[in-house]
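Residue-level structural notes
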Amino acid sequence: MTALLDLDMLWVTGKGGVGKTSIAAAVADVAARSGRRTLVCEMDAKGALAAALGEDDLGFEPTEVSPNLHAMTMSTEDALREYLRLFVKIPLIGRIGPLAKTFDFVADAAPGVKEILGVGKLCFEVREQHYDLVVIDAEASGHIVSQIGAPKVIADLVQVGLVRDQTQWMLDILNDPARTGVAVVTTPEEMPVTESAELLQRLTAETGAHASAVIANRVLPMLFDRREQVVVEQLESALPTLTAAIGPGAPMVLEAARLTDARRRTGAEHLRWLQTELQRDAIHADLPIITVPELFSRAPGRRVVSLIADGLAEELDVELG
């Protein structure tokens, strides 16, 4: 599974609320701490990545937030300006004003035009080998197909000429499973695993991109083995004695342990269902499911990202510097 970090580009997506941004930041943190020069980019510019990395703000220009780790947020206007400067050789100073409005008009009428600027910017960073790994905090699973599939849409619409040439080199990067992968983040719950299975079915067929891993976030640890479970059941039958000896809090503690274990077992069933679904599909039969433990914290921030990174590093068998 260390091959996950040996890619040139890794898209991280998942259903809203599963911790996609924290996982993307943690993967980038693992890569950077293992010696790889890494860029992590937030595509929807909501500011969640900055919060996860403990930064006040991030812009289009990458900022070094820790050794080997650079972070940025995508801006369509800045990406258009950079594209015009690099490929069309038009020097632009300040806001691009009327040109941006014209572009917005065209982008609203043609599918994939806006998305391709962001994808193209990141593919350019890969092509120029500015970083060892580019990690993308991508759109949620409902939108990732249109985002990562934008070059394919444009290539299908335009068969010849400059536009076709510009999309082809992007597709060469995006469709190469040795260079580009998609990590689908889920939690051990019914809706996220169902949506993840559906996304995996669509991904390669509609975009040409390949999944590299499923990352199961917030997985509860096993509280009791089989022998300990027998003891818990015996404790339940001895509650009056326990309450008399320990106090009125004994039943609540035992009930909390029982409910937590029941939730863990339910989550494990959902992940087993997902594993079965993957094994039914020849393309995804060997796709690894990487687990990240429940941290019992919903507060975003650098400390949480570091803890997730430590868990990921153990799963990936990576030594951190």
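Up top you'll find the structure we're talking about.
Each chain has its residues counted from 1, running along the sequence as written. Totals for whole chains, interfaces and linings use every residue, but because this is a predicted model, local features are given only for residues with pLDDT of at least 70 and side-chain atom pairs only at 80 or more, for both listing and counting. Hydrogen atoms and water are omitted, and side-chain values are computed over all heavy atoms in the structure.

1. Brief notes about the overall build of the protein
Runs of E in the DSSP output that reach at least two residues are strands. Runs of H or I that reach at least four are helices, and both are numbered from the N terminus. Scanning the protein for helices and strands turns up 13 helices and eight strands. Only heavy atoms matter for contacts: two residues are in contact if any of them lie within 4.5 Å across the pair. Considering only contacts in the protein between residues 6 or more positions apart, those separated by 24 or more positions represent 73%.

2. What about the pattern of salt bridges?
We define a salt bridge as a side-chain nitrogen of Lys or Arg found within 4 Å of a carboxyl oxygen belonging to Asp or Glu. Under the definition given, this model contains 16 salt bridges. For aspartate 29, the salt bridge goes to arginine 33, with nearest N and O atoms at 2.8 Å. With aspartate 29 and arginine 33 both in helix 1 (residues 20–33), this residue pair falls four residues apart, about one helical turn. Residue classification places aspartate 29 among the buried residues on the basis of a relative accessible area of 3%. Throughout this description, buried means an accessible area under 20% of the type-specific maximum (1.4 Å probe, protein chains only), exposed means over 50%, and partly exposed covers the range between. Residue classification places arginine 33 among the partly exposed residues on the basis of a relative accessible area of 28%. Here the salt bridges do not stand alone but share partners, grouping Asp29, Arg33, Arg302 and Asp310 into one network.

3. Section: helix 3 (residues 76–86)
For helix 3, every residue scored as buried is listed here: Ala79, Leu80, Arg81, Glu82 and Leu84. Measuring from the backbone nitrogen of aspartate 78 back to the side-chain oxygen at the start of helix 3 gives 3.2 Å, which picks out serine 75 as the cap. Nitrogen and oxygen atoms within 3.5 Å of one another constitute a polar contact, given that in protein one can donate a hydrogen and the other can accept it, and given that sequence-neighbouring residues count only through two side-chain atoms.

4. Here we look at the nonpolar core
For our purposes a nonpolar core is just a set of buried Ala, Val, Leu, Ile, Met, Phe, Trp, Tyr and Cys residues, chained together by side-chain atoms within 4.5 Å. Ranked by internal contacts, the top residues of the largest apolar core, which has 48 residues, are Met9, Trp11, Met74, Leu122, Cys123 and Ile136. It is helix 5 (residues 113–127) that contributes the most residues to this core, seven residues altogether. Filtering out sequence-adjacent residues up to four positions away, methionine 9 remains in contact with Leu122, Cys123, Val126, Leu133, Val134, Ile136, Leu174, Arg179, Thr180 and Gly181.

5. Some points on helix 12 (residues 250–280)
Between its first and last C-alpha atoms helix 12 spans 46 Å; for 31 residues at 1.5 Å apiece the expected length is 45 Å, and the two agree. Among the residues making up helix 12, those that are buried are Ala250, Leu254, Ala257, Asp261, Arg264, Gly267, Ala268, Leu271, Leu274 and Leu278. Each element contacted by the buried residues of helix 12 is listed here: strand 6 (180–186), helix 9 (190–207), strand 7 (211–219), helix 10 (226–237), helix 11 (239–246) and strand 8 (289–293). The span one expects for a helix is its residue count, reduced by one, times 1.5 Å.

6. A look at the sheet that holds strand 7
Across the sheet, which stays open at both edges, the eight strands sit in the order 3-4-2-5-1-6-7-8 with mixed pairing between neighbours. Strand pairing shows two members of the sheet lacking a second neighbour, strand 3 (63–66) and strand 8, which therefore form its edges. Across this sheet, the average inter-strand angle for adjacent strands is 25°, counted without regard to direction. Pairing between two strands requires that DSSP report at least two bridges joining them. Relative to strand 6, strand 1 (residues 9–14) runs parallel, the two sharing six bridges. Each bridged residue has a counterpart across the sheet, and for valine 12 the counterpart in strand 6 is alanine 183. Axes here mean lines fitted to C-alpha atoms, for a helix over just the part in contact, with angles spanning 0 to 180 degrees between N-to-C directions. The sheet contacts of helix 13 (residues 302–316) involve strand 3, strand 4 (69–73), strand 7 and strand 8, and relative to strand 8 the element is tilted by about 140°.

7. What about the environment of valine 12?
Residue position: valine 12 is located in strand 1. Under the relative-accessibility criterion, valine 12 is labelled buried at 0%. Once the C-alpha coordinates of valine 12 and valine 185 are considered, the two residues, 173 residues apart in sequence, prove to be 7.0 Å apart. Setting aside anything within four residues of it in sequence, one finds valine 12 in contact with Lys20, Ile23, Ala24, Val135, Ile136, Asp137, Ala138, Ala183 and Val185.

8. Things to note about the side chain of glutamate 42
Tracing the sequence through the fold places glutamate 42 in strand 2 (residues 38–42). With no salt bridge to any partner, buried glutamate 42 finds its closest opposite charge in lysine 20, at an N-O distance of 6.8 Å. For glutamate 42, the side chain forms a polar contact with the main-chain nitrogen of glycine 47, separated by 3.2 Å. Looking at glutamate 42, its side chain comes within polar contact range of the main-chain nitrogen of leucine 49, at 3.1 Å. Not counting chain neighbours up to four residues away, the residues in contact with glutamate 42 comprise Gly47, Ala48, Leu49, Met72, Thr73, Met74 and Asp137. The convention is simple: Lys and Arg are positive, Asp and Glu are negative, and His and the chain ends are not counted.

9. Quick notes on the pairing of strand 7
Extensive coverage of strand 7 is indicated by the burial of eight of its nine residues. Looking down the strands as they point away from the viewer, one classifies a crossover as right-handed if the path from the first strand across the helix to the second runs clockwise. The handedness of the strand 6 to strand 7 crossover, carried by helix 9, is right-handed. Two elements, strand 7 and strand 8, share four bridges in a ladder whose sense is parallel. Each residue of the ladder has a partner; that of isoleucine 215, found in strand 8, is isoleucine 290.

10. Brief notes about the side chain of lysine 121
Within the fold, lysine 121 resides in helix 5. Overall, the relative accessible area of 6% leaves lysine 121 in the buried class. Only 2.6 Å separates the side chain of lysine 121 from the side chain of glutamate 125, close enough to count as a polar contact. Other than its neighbours up to four places away in sequence, lysine 121 contacts Phe60, Met72, Met74 and Glu82.

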